[in-house]
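Summary of structural features
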Amino acid sequence: MSIALYIHIPFCVKKCNYCDFNSFEALELIPAYLEALKKEISDLKGKGYTVSTVYIGGGTPTILKDEELVSLLEILHQSVHITSDAEVTIEANPGTLTRQKLLSLKTMGINRLSLGLQAYQNRLLKIMGRIHTVEEFEKNYETARKIGFDNINVDLMFGLPEQQVEDFYKTLEYLVGLCPEHISCYALSVEDGTPFYRLWQKGALPLPSEEDEREMYHRAVEFLTGKGYNHYEISNFAVSKRESKHNMVYWSYKDYLGLGAGAHSFFNNERFYNYTLIPAYIKSIQKSSSAVAYLEKICIEEQQAEFCFLGLRLLKGLSKEAFCRRFNKEITQVYGNVIGKLKKQGLLRENQKYLKLTTQGLDFANAVFVEFMP
Amino acid sequence: MSIPRERIRNFCIIAHIDHGKSTLADRLLEHTNTITERKMENQVLDKMDLEKERGITIKAKAVRMIYKAANGEEYLLNLIDTPGHVDFTYEVSRSLAACEGALLVVDATQGIEAQTLANTYLALEHNLEIIPVINKIDLQSADPDEAKREIEDIIGLGAEDAILTSAKIGKGIQEVLEAIVQRIPPPEGRHESPLRALIFDSLYDSYKGAVAFVRVLDGNIQPKQMIKMMSTGKIFEVTEVGVFNPDMQAVEILGAGEVGYVVASIKNVIDTRVGDTITDADKPAKEPLPGYKKAVPMVFCGMYPAEGEEYENLKEALGKLQLSDASLFFEPETSAALGFGFRCGFLGLLHMDVIQERLEREYNLNLITTAPSVIFKIVKTDGCKIDVDNPTNFPDPAEIEYIEEPYVEASIMLPTEYVGTVMDLCQEKRGTMRDMEYINEKRVILRYDMPLSEIIYDLFDHLKSRTRGYASLDYELTGYKKSDMVKLDILLNGEVVDALSFIVHKDRVYNRGRQITEKLKDVIPRHMFEVPIQAAIGGKIIARETVRALRKNVLAKCYGGDITRKKKLLEKQKEGKKRMRQIGNVELPQEAFMAILKMD
């Protein structure tokens, strides 16, 4: 059985000002955490999984020492069968990379890098609380290329405080000049509990206007597609055949297992996730070798809803045939009315095979998705 | 009943809200051992939770006490509780008609309030013996001499033998009981005359049906007797009579002068109308007791379930409330904006609030109410006369000859320092001053002719806030007067929303139109398109605001396969959507309907 694996490394040198991901600055916990994580990984042994994508995310996975990463991957190879053409991605913060580390990553079988640049302006990086500069990013990017990484993603963000439309446009131009295979453009969302949120509450976060924020997005779509990138998911762009296999698993409603603190899984129509706090995760693994904090069986109505709202994130759309295959029902039987209404609102369109968001639908995707909720 | 009529005393308590009526009643019950302290919940008389919370009495009730007086004799004391609010003046008058005396309770720290004054005058009209009681004398700010002076100056009652009490600490209770025995006359009435019993209240009991609370004036009433309701001619067989101890306790017979209840398998309280006279079906009295009036609703509004599927539940709940409240009126109504609901009629604004709260609390309903309206009398150009209490039925202005609206005489009692601000307020509310009377150097009564529609709108709130709660208000319907009324429509995205329309005076309409569009702008969520909000009279737009278009509603990232989080967000949006009313392509939150009800 073929699945996707996500491995979470919940540590950062310093948390960014917008970040509400599960990550901590408590680096002293790394050794104990890795012990537990390795135990969780080795428990996959004998289950007969074939892994077609691995994604090591964070936090900052590249905060780990070379030998720590090596032993982690060793355990992984010992525990599951990773196919020869598997996509193995690691998220890397340019501030934590060296030539040596990039070399190690390459030799341990990692074939895809995801680098967080976010913005081409050092003043914006500073506001965000990033630990690197544009120059550091560029140096590491060039090194990675020289070493032979031929599948690199770069993360960008827009809608940042003090970001002008022009800033973002420059970022896009700069990045396209480097020819990465994959670009993610994420809109900033100000999440509860982050330093940005506290500033925002005080009215001290100078966000661009909604109009400007949308213009940034629309420009990115226009510019990147013009440069040969395929806009294949709401926030993602890739050159031909370099779409992220791992993320496609999420959108196409296939099974995946998440390992590590707070990691999410979807398996056999169940969603579950591990304890998010590192000590709780470690303790639970030590005691019972499982760290699942929450498990939910997804009933058929919810499966249908999830199938639709995840599939619709893809620009090619949601395959009506795939829906039918999975649920033994025509999609119109379940969502005929909803689809009709959304088409009338100009948010959805369809052809023989696919149902997809319109250009306007991309801006109001949640308004579409919500209609599919049971 | 071994106590003869000469030793029966029927009395009530007149007091302003918070002046200590319920506490005094509690002490009387304790002192006469009607209820033991152990069983004593504070304020026995206020049975509904709502009343306890608001500290007001909504429905009149009665309780019987046996008191061994200083002269060694046992007396039967019937305390008939009266509602303390202007909406229920008629019910108060029926309660008073069932008594021979009244305790006039005045807060020693506050003096007389408008409502107290109105009720005292009512009691004097019924020739009741009035015993002034000055309460809360334990408080430091108490000024019993000033309170006495007010009673003498304002009401013209001798207050030299007023009783000083503190119901809270139980002071003066014995004196009150002695005064009741000595100063209130025993009921008159002839046992041998045909039965006449005055209904002063009723309740609905799910086992017994409608229970009439009565004061027997002439004759007797007992089980198996056939009785007739004199206003409707309907005949019932009595199954039980009894007294309040304070819970209902069956007795064999109720005789002239007594107060108690009558059960006669009556299915609906509509047949036990307050003020009606019960007589013997076989030997009927020639004349009913005077003063019966059918309770007429004065204030109307639409009540709609916030969620359409609750319609049947709302209907059932209104039906149940009506069983015990004959003055509640309702009929089905349909609104383009709100779907199926009910047009409901109430005695006044408080009555409306009470019903709404009971529906929400006791029946767990989530309601949307439309702006309250009075009944306008409209004479059309073709000579046709119509009553309109619903803006939907307001005719085309071209067809209107003239409109009349109900007016009241409002009496406002207030400290002199607020006279200026209250006069301004009354002027804003289209009032014309009748007179101003100085009670003493500190307090004044202002009397105004004022449209009822202004009172039900927000006069209370403003009066309270502008006088820091020191003003009190009473009003009485005086009749109809010609008025320049217009219907104000609210348009969303170019469409009239019927449930947001209301009828308002021409001089007010621009102001209100502007206020409402401004307020709606704040409560209507942003849509994918711009939503214009307009206020219009007929086809003429008088105010406009715009809700800016929403630019995006999309989640950029999916956190490492965390679909649960994304789903929660969608579920929340879905929930929010459910609470919205879809009007054309605009989604309207409940708050939008509230915006019409109150303006600051």
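Residues numbered from 1 in each chain as written. Chains lettered and ligands numbered in written order. Predicted model: local features only at pLDDT ≥ 70, side-chain atom pairs only at ≥ 80, totals over all residues. Heavy atoms only, no water.

Describing the pattern of salt bridges
Just so we agree on the cut-off: Take a side-chain nitrogen of Lys or Arg and a carboxyl oxygen of Asp or Glu: if they are within 4 Å of each other, that pair is a salt bridge. Per the convention used, a helix needs a DSSP run of H or I reaching at least four residues, while a strand needs a run of E reaching at least two, with both numbered from the N terminus.
By the definition in use, this model includes 52 salt bridges over all chains. Between Asp 20 of chain A and Arg 565 of chain B there is a salt bridge, with its nearest N and O atoms 2.6 Å apart. Taken together, the residues Asp 20 of chain A in the loop between β1 (2–9) and α1 (30–42) and Arg 565 of chain B in helix α12 (residues 563–578) connect one chain to another. The residue Arg 466 of chain B makes a salt bridge to Glu 428 of chain B at a minimum N-O spacing of 3.1 Å. On the criterion of sequence distance, the pair formed by Arg 466 of chain B in helix α10 (residues 452–466) and Glu 428 of chain B in helix α9 (residues 419–428) is long-range, its members being 38 residues apart. Among the charged side chains, a salt-bridge network with shared partners connects Glu 409, Arg 434, Asp 435, Glu 437, Arg 447 and Asp 449 of chain B.

Overview of the packing of aromatic side chains
This is how the line gets drawn: Pairs were defined over the aromatic rings of Phe, Tyr and Trp, the Trp ring being its six-membered one, requiring ring centres within 6.5 Å. Orientation was assigned from the angle between planes: stacked under 30 degrees, edge-to-face over 60, tilted for the rest. Accessible area is worked out with a 1.4 Å probe on protein chains only. A residue is then buried under 20% of its type maximum, exposed over 50%, and partly exposed in between. Geometrically, a lysine NZ or arginine CZ counts as sitting over a ring once it is within 6 Å of the ring centre and also within 35 degrees of the ring normal.
Per the stated rule, a full pass over the model turns up 30 aromatic pairs over all chains. On the numbers, 4.6 Å between centres and 70 degrees between planes, the contact of Tyr 250 of chain A with Tyr 256 of chain A is edge-to-face. Accessibility classification places Tyr 250 of chain A together with Tyr 256 of chain A in one group, the buried group. Taking 4.7 Å as the distance between ring centres and 55 degrees as the angle between the ring planes, the aromatic pair formed by Phe 213 of chain B and Phe 244 of chain B counts as tilted. Taken as a pair, Phe 213 of chain B in strand β8 (residues 209–218) and Phe 244 of chain B in strand β11 (residues 240–244) lie far apart in primary sequence, 31 residues in all. By way of ring pairs, the aromatic residues Tyr 250, Trp 251, Tyr 253, Tyr 256, Phe 266, Phe 307, Phe 323, Phe 327, Tyr 335 and Phe 372 of chain A are connected into one cluster. Lys 106 of chain A extends its terminal NZ or CZ atom over the ring of Phe 149 of chain A, reaching a point 5.7 Å from the ring centre. Sitting above the plane of the Tyr 480 of chain B ring, Lys 377 of chain B keeps its charged end 5.0 Å from the centroid.

Quick notes on the layout of surface pockets
Stated formally: Only protein atoms enter the 1 Å grid, on which a cavity is a set of points fitting a 1.4 Å probe that cannot get out and a pocket is an open set with protein on both sides within 12 Å along at least 5 of 7 lines, lining residues being those with an atom within 4 Å of a point. Grid points are joined across faces, edges and corners, and a volume is the space filled by probe spheres set on the points. For the purposes of this description, domain bounds are those given by an automatic or database domain assignment.
In this structure, the largest pocket encloses a volume near 1800 Å³. Along its surface, the largest pocket is lined by 46 residues, and Asn 366 of chain A together with Leu 550, Lys 552, Asn 553 and Gln 573 of chain B are the ones closest to its centre. If you list the elements that add at least two residues to the lining of the largest pocket, you get α7 (195–201), α8 (210–226), α13 (331–344) and α15 (365–372) of chain A together with α12 of chain B. The leading source of residues in the lining of the largest pocket is α12 of chain B, at eight residues. A domain-level breakdown of the lining of the largest pocket finds at least three residues from each of domain 1 (2–251) and domain 2 (300–371) of chain A.

Side note on the nonpolar core
The nonpolar side chains of a soluble globular protein tend to be buried with one another. Note the following rule: Within this scheme, the nonpolar core is defined by two criteria: the residues are buried Ala, Val, Leu, Ile, Met, Phe, Trp, Tyr or Cys, and they are joined through side-chain atoms within 4.5 Å. In what follows, residue pairs with any heavy atoms lying within 4.5 Å of each other are defined as contacts.
Grouped together as the largest cluster of nonpolar side chains are 133 residues, with contacts concentrated most on Leu 37, Leu 105, Cys 185 and Phe 372 of chain A. Here this core gets seven residues from one element, more than from any other, and that element is helix α6 (residues 165–178) of chain A. Lining this core are residues from two domains, each supplying at least three of them: domain 1 (2–251) and domain 2 (300–371) of chain A. Other than its neighbours up to four places away in sequence, Leu 37 of chain A contacts Ile 7, His 8, Ile 9, Leu 72, Leu 259, Gly 260 and Tyr 281 of chain A. With 49 residues, the next largest nonpolar core counts Cys 301, Leu 359, Ile 400 and Tyr 448 of chain B among its residues.

Quick look at the domain arrangement of chain A
All names here are of chain A. For the record, the criterion: We define buried area as the total accessible area lost by two parts upon association, computed with a 1.4 Å probe and summed across both. Think of a polar contact as two N or O atoms within 3.5 Å of one another; within protein, one of them needs to be a possible hydrogen donor and the other a possible acceptor, and neighboring residues in sequence only count if both atoms come from side chains.
Segmenting chain A into domains produces domain 1 (2–251) and domain 2 (300–371). For domain 1 and domain 2, the distance between their C-alpha centroids amounts to 29 Å. Between domain 1 and domain 2, the contact holds eleven residues from the first and ten residues from the second. Between domain 1 and domain 2, the buried area comes to about 940 Å², and carbon and sulfur atoms account for 61% of it. When the buried surface of domain 1 facing domain 2 is broken down by residue, His 231, Ile 234 and Trp 251 rank first, second and third, together holding 53% of it. The interface formed by domain 1 and domain 2 holds two salt bridges in total. For the salt bridge of Asp 363 with Arg 214, the shortest nitrogen-to-oxygen distance reads 2.6 Å. Across the contact surface, domain 1 and domain 2 share six residue pairs in polar contact (both at pLDDT 80 or more). Where the side of domain 1 that touches domain 2 is concerned, the elements lending two or more residues are α8, β7 (230–233) and α9 (245–251).

Some words on the sheet that holds strand β5 (residues 129–135) of chain B
The strands that make up a sheet pair up through hydrogen bonds in the backbone, lying either parallel or antiparallel. Residues and elements named next belong to chain B. Quick note on the threshold: Each pair of strands is called paired provided DSSP finds at least two bridges between the two strands. Lines fitted to C-alpha atoms define the axes here, with helix axes fitted over just the stretch in contact, and angles between the N-to-C directions of these axes take values from 0 to 180 degrees.
If you walk across this open sheet you meet the six strands as β2-β3-β1-β4-β5-β6, and the pairing is mixed. Each edge of the open sheet carries a strand with a single partner, namely β2 (62–68) and β6 (163–164). Alignment of β2 against strand β3 (residues 74–80), held across seven bridges, turns out to be antiparallel. By the bridge assignment for β3, Met 65 is matched with Leu 77. Along the sheet, helix α5 (residues 144–155) makes contact with β4 (101–107), β5 and β6, crossing β5 at roughly 150 degrees. Packed onto the sheet, helix α6 (residues 173–183) meets β1 (8–15), β2, β3, β4, β5 and β6 and runs at close to 170 degrees relative to β5.

As for the environment of Asn 337 of chain A
Residue and element names in this part refer to chain A. Within the secondary structure layout, Asn 337 lies in helix α13. Its relative accessible area of 70% is what places Asn 337 among the exposed residues. Between the C-alpha atom of Asn 337 and that of Glu 371, which follows or precedes it by 34 residues, the distance is 9.8 Å.

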